[in-house]
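If you want the building blocks of each chain, they are given just below.
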Amino acid sequence: MNEPLIAERADTVAELEIRGMTCAACATRVEKALAKVPGVTRASVNLATEKATVAASEGVGPAALVAAVEKAGYEAVPVAAESAAFAIGGMTCAACASRVEKVLARVPGVTGASVNLATEQATVALRAPLTGDLQDQLVAAVKKAGYTATPLAADEDEAAAQASAQTASKADEARREWRAVLISAVLTAPLLVPMIGAWFGAHAMLPAVAQLVLASVVQFGFGARFYRAAWKAVRAGSGNMDLLVALGTSAAWGVSVYEMLAHPGAMAHLYFEASAVVITLVRFGKWLEARAKRQTTDAIRALNALRPERARIRDEAGGAERDVPLAQVRVGTLVIVLPGERLPVDGVVAEGRTHIDESLITGESLPVPKAPGDAVTAGSINGEGALAVRTTAIGAETTLARIIRLVESAQAEKAPIQRLVDRVSAVFVPAILAIAVVTLGGWLLAGASAETAILNAVAVLVIACPCALGLATPAAIMAGTGVAARHGVLIKDAEALETAHNVSLVAFDKTGTLTLGQPALTALDTAEGVTRAAALAQAAAVQRQSDHPLAKAVVRAYEAETHAATLPAAAHARAVPGRGVEAEVDGRRLAVGSRRWVDELGLAVPPALAARAQTLESAGNTVSWLIAPNAAPHEAVLALLAFGDTVKPTAREAIASLKAMGVRSVLVTGDNAGSAAAVAAQLGIDEVHAQVLPDDKARTIRDLKIRTGSIVAMAGDGINDAPALAAADIGIAMATGTDVAMHAAGITLMRGDPALVAAAIDISRRTWRKIQQNLFWAFVYNLIGIPLAAFGLLNPMIAGAAMAFSSVSVVTNALLLRSWRARR
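The rules behind these values
- Residues numbered from 1 in each chain as written.
- Predicted model: local features only at pLDDT ≥ 70, side-chain atom pairs only at ≥ 80, totals over all residues.
- Heavy atoms only, no water.
- pLDDT = per-residue confidence, 0-100.
- Helix = DSSP H or I, 4+ residues; strand = E, 2+ residues; numbered from the N terminus.
- Contact = heavy atoms within 4.5 Å.
- Pairing = 2+ DSSP bridges.
- Axes fitted to C-alpha atoms, helices over the stretch in contact; angles between N-to-C directions.
- Salt bridge = Lys/Arg side-chain N within 4 Å of Asp/Glu carboxyl O.
- Buried < 20%, exposed > 50% of the residue type's maximum accessible area, 1.4 Å probe, protein only.
- Phe/Tyr/Trp six-rings, centres within 6.5 Å; stacked < 30°, edge-to-face > 60°.
- Lys NZ or Arg CZ within 6 Å of the ring centre and 35° of its normal.
- Parallel < 35°, antiparallel > 145°, perpendicular 65-115°, else oblique.
- Nonpolar A, V, L, I, M, F, W, Y, C, P; charged D, E, K, R; others polar.
- Left-handed = near helix turned anticlockwise from the far one by under 90°.

## Details of the confidence of the model for the protein
Per-residue confidence for the protein gives a mean pLDDT of 81; residues scoring 70 or more make up 87%. Within the protein, helix α25 (residues 739-744) has the poorest average pLDDT of any element, 54, and strand β19 (residues 503-508) the best, 94. Residue range residues 1-10 is modelled with pLDDT below 50. Its contacts to residues more than four positions away, or to other chains, number 16 contacts.

## So, the sheet that holds strand β20 (residues 520-526)
Within a sheet, neighbouring strands are paired by backbone hydrogen bonds and run either parallel or antiparallel to one another. Strand order in the open sheet formed by six strands is β20-β25-β24-β23-β22-β21, and the pairing between neighbours is antiparallel. Each end of this open sheet is capped by a strand with a single partner; those strands are β20 and β21 (570-576). The average angle at which neighbouring strand axes cross in this sheet is 20°, direction not considered. Pairing analysis gives five bridges linking β21 to strand β22 (residues 580-585), with the strands arranged antiparallel. Residue pairing across strands places Ala575 opposite Val581, the latter belonging to β22. Together, β20, β21, β22, β23 (588-593), β24 (622-627) and β25 (637-644) form the strand contacts of helix α17 (residues 532-543), whose direction differs from that of β23 by roughly 85°.

## Details of the pattern of salt bridges
Per the counting criterion, the structure on display carries 20 salt bridges. In this structure, Asp753 engages Arg751 in a salt bridge whose closest nitrogen and oxygen atoms are separated by 3.9 Å. Residue class for Asp753 comes out buried when judged on its relative accessible area of 15%. Exposure remark for Arg751: the relative accessible area of 17% places this residue in the buried category. A network of salt bridges, in which partner residues are shared, links Glu17, Arg19 and Glu75.

## Some thoughts on the packing of aromatic side chains
Enumeration according to the criterion identifies six aromatic pairs in this entry. Judged by centre distance (6.2 Å) and plane angle (45°), the ring pair of Trp178 and Phe284 falls under tilted. Residue Trp178 is found in helix α5 (residues 156-198), and its partner Phe284 is found in helix α9 (residues 272-296); the two are separated by 106 residues along the sequence. With a relative accessible area of 23%, Phe284 lands in the partly exposed category. Seen from their ring centres, Phe776 and Trp777 are 5.1 Å apart, and the 75° between their planes marks the pair as edge-to-face. Taking relative accessible area as the criterion, Trp777 reaches 54% and is therefore assigned exposed. Cluster of aromatic residues (ring-pair linked, three or more members): Trp178, Phe284 and Trp287. The positively charged end of Arg225 is found above the aromatic ring belonging to Phe226, 5.5 Å away from the centroid.

## Quick notes on the sheet that holds strand β6 (residues 110-116)
Pairing is antiparallel in the open sheet, where four strands are placed in the order β6-β7-β5-β8. Every other strand in the sheet has two partners, leaving β6 and β8 (148-151) as the edge strands with one partner each. Pairwise comparison of adjacent strand axes, ignoring direction, gives a mean angle of 30° for this sheet. Bridge analysis of strand β5 (residues 82-89) against strand β7 (residues 121-126) gives six bridges, and the strand direction is antiparallel. By the bridge assignment, Ala87 is partnered in β7 with Gln121. In the packing of helix α3 (residues 94-105) onto the sheet, the strands contacted are β5, β6 and β7, and the crossing angle to β6 comes to about 165°. Helix α4 (residues 132-144) rests against β5, β6, β7 and β8 of the sheet, and its axis sits at about 155° to β8.

## Topic: the packing of helix α6 (residues 208-222) against helix α7 (residues 224-235)
Between two packed helices, what matters for the description is the angle formed by their axes and the separation of those axes. Where α6 contacts α7, the axes come no closer than 4 Å and their chain directions differ by 40°. Comparing their axes, α7 and α6 come out oblique. Residue-level contacts link Gln219, Phe220, Gly221 and Phe222 of α6 to Ala224, Arg225, Phe226 and Tyr227 of α7. Counted by class, the contact of α6 with α7 contains five nonpolar, two polar and one charged residues.

## Comments concerning the packing of helix α14 (residues 450-463) against helix α26 (residues 755-790)
Remark: α14 packs on α26, axes separated minimally by 8 Å, with the N-to-C direction vectors making an angle of 165°. Judged by the angle between their axes, α14 and α26 are roughly antiparallel. Of the two possible hands of crossing, α14 and α26 adopt the one that is right-handed. Listed contacts from α26 to Asn456, Ala459, Val460 and Ile463 of α14 are Tyr781, Asn782, Gly785, Ile786, Ala789 and Ala790. Of the residues that constitute the contact of α14 with α26, the class distribution is seven nonpolar, three polar and no charged.

Below you can see the structure in the form of structure tokens.
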């Protein structure tokens, strides 16, 4: 069933990511399960990409397809053709987030929706690009559910302005909320203080009418938000925290009014202070929670603050400089950056020398020296010297913009463990209402007074808190990804974070990952009849266009020895993955590559050169060969080139840190065995796989996973590492390497420091522990608190205080991650 999928005109095509398949039989089973879904006309499953493509009639939704795959024993996730993001207003608990997800998912054209309670944002996966009509439908659906939805801008500049406006708006809202809490507390104090005094024998209760007035202002004035939100939830056919608070406090207020009217003039048992205190405490808890949630987004705000709004550009024709909005800068423009200023663009230094502070972008604490030809990054701070920078990227394409998108994406993602929480949250409020009714009936049947029964039911309603459950995972993820970004570790999504905490083996590439990747040409020995100068010129010409570190070393050596920047002309240059580079030089086909390639071509290596190569490799050098593939086999090998590389200063520390964490290190490299063994011995790595081709690297990673039973991470930086990064359970790419490697990785290290590998795993482990702690306390809080309230062991005021502070404690615990420091 691998023929091309051809959908009929009336059909829609959906794509699913299938998880859990291990063989072709699995793929066939999934295809059959999907084909049985009514309305499906064709299904095709690709085992290699783990994707299913389904053609179905318009009425077949993604939920039916996912259910069919799950019934077959696998997991399916709809792959969105497009996506849209919305800021959601009015949510107060996990039940609200669940409700918004459901209403968004029901809108035609939507394949899935995810709502993050901590960021108060929804990400909607769409079958087709977002249109104005569909956007209106999504906003209307959220509004009908009782909340507000504001489309988030896709344009980087608009999004930054929108984020700034939202931050200011939330700050104003926080100030208004704090004023409301203070006034509510002032009105509640005359009700609460006499009650506390009565515990010590002091009796100074306010008259019943005064209590009624104060409590009513708090209940229906400062508690109006709970009634509004509860009414919206009921009207939408769901429940939330506001409904529990509104019902509980209204019951306490109602009982008090009944007692006051039933016993006029007598010292009746009134509970006005209970309703007022619960309202005040819950609002205070919500203010603290909002304040803590804002702190979890500090990383994003700090990164957004790095975006300069203007740039000083130089007119190269006349040399005049002028200040312009950043939007007017184009690629190739010469931007002038004075000492102390932030760089507005990514670029290459054209003039000047200085030191650049890149700490907020790469986590590098020391300023980095920059000279003409060096790359610089937008958002970093210029040091002592003025620079002229040739712009290479602006706006959404800058490194800073990509970092912000990656962190925002990771913070908006749900970890797989969140699915359990979502299922619990979906039934939480109805279950609490049922428990409250049972509590009320149970106490009445046991012969208790109506007051006692109602108050115990009220305690059940106000102590139950779905907020803590909803915030447990996203708060920890936001704090963890935020602190990681500040230290130069970019985590692509929540799933990568969850996977990384289980890593027990890291496979490292060598060149550019554990070594500096700037090898020098240490030896050049030629075959008989070939001069050193000719061999060096030919090798440099072949490799002039290559970005490989060994190629650059040859070119540098040629320029240093000849003091010339010109090289023989090379045509039709091409890279041969895992083998080397070839080109035509002066009409002759030449190549520079590995011994593997020499052997594959059947070329004879002169005995003297073979012995010399063995000596150099045993000393830790990497050996390449200059060959003429079209020449006679015994004349084709022209010279050997030996390269020495330097181990990065932090590489040994990185391996030692991993070992201290219980994580094994393995070296997987395309270099020769001698060079690989020398580096491994220097760093304390006990398992080495050398002379491994790119495809074999991926196979080696899969073998390590099977043989050791470990969760395997792969750390690398080159194009040849991309298959291995994708094959590993979690790929860790150096941002100093290629874009291909970074796209294939779940974690990107913003500077080429192997010690960040240990940092990334450590952060993920600590974040995972915070998630576990938060979920444990959120569940335990409800499992203990609700029975205590039902059995009459909790006063409604204490229950209200506990509920208010449960979510605050969860977010505060997550914020402790911000103090993370790399272990040494």
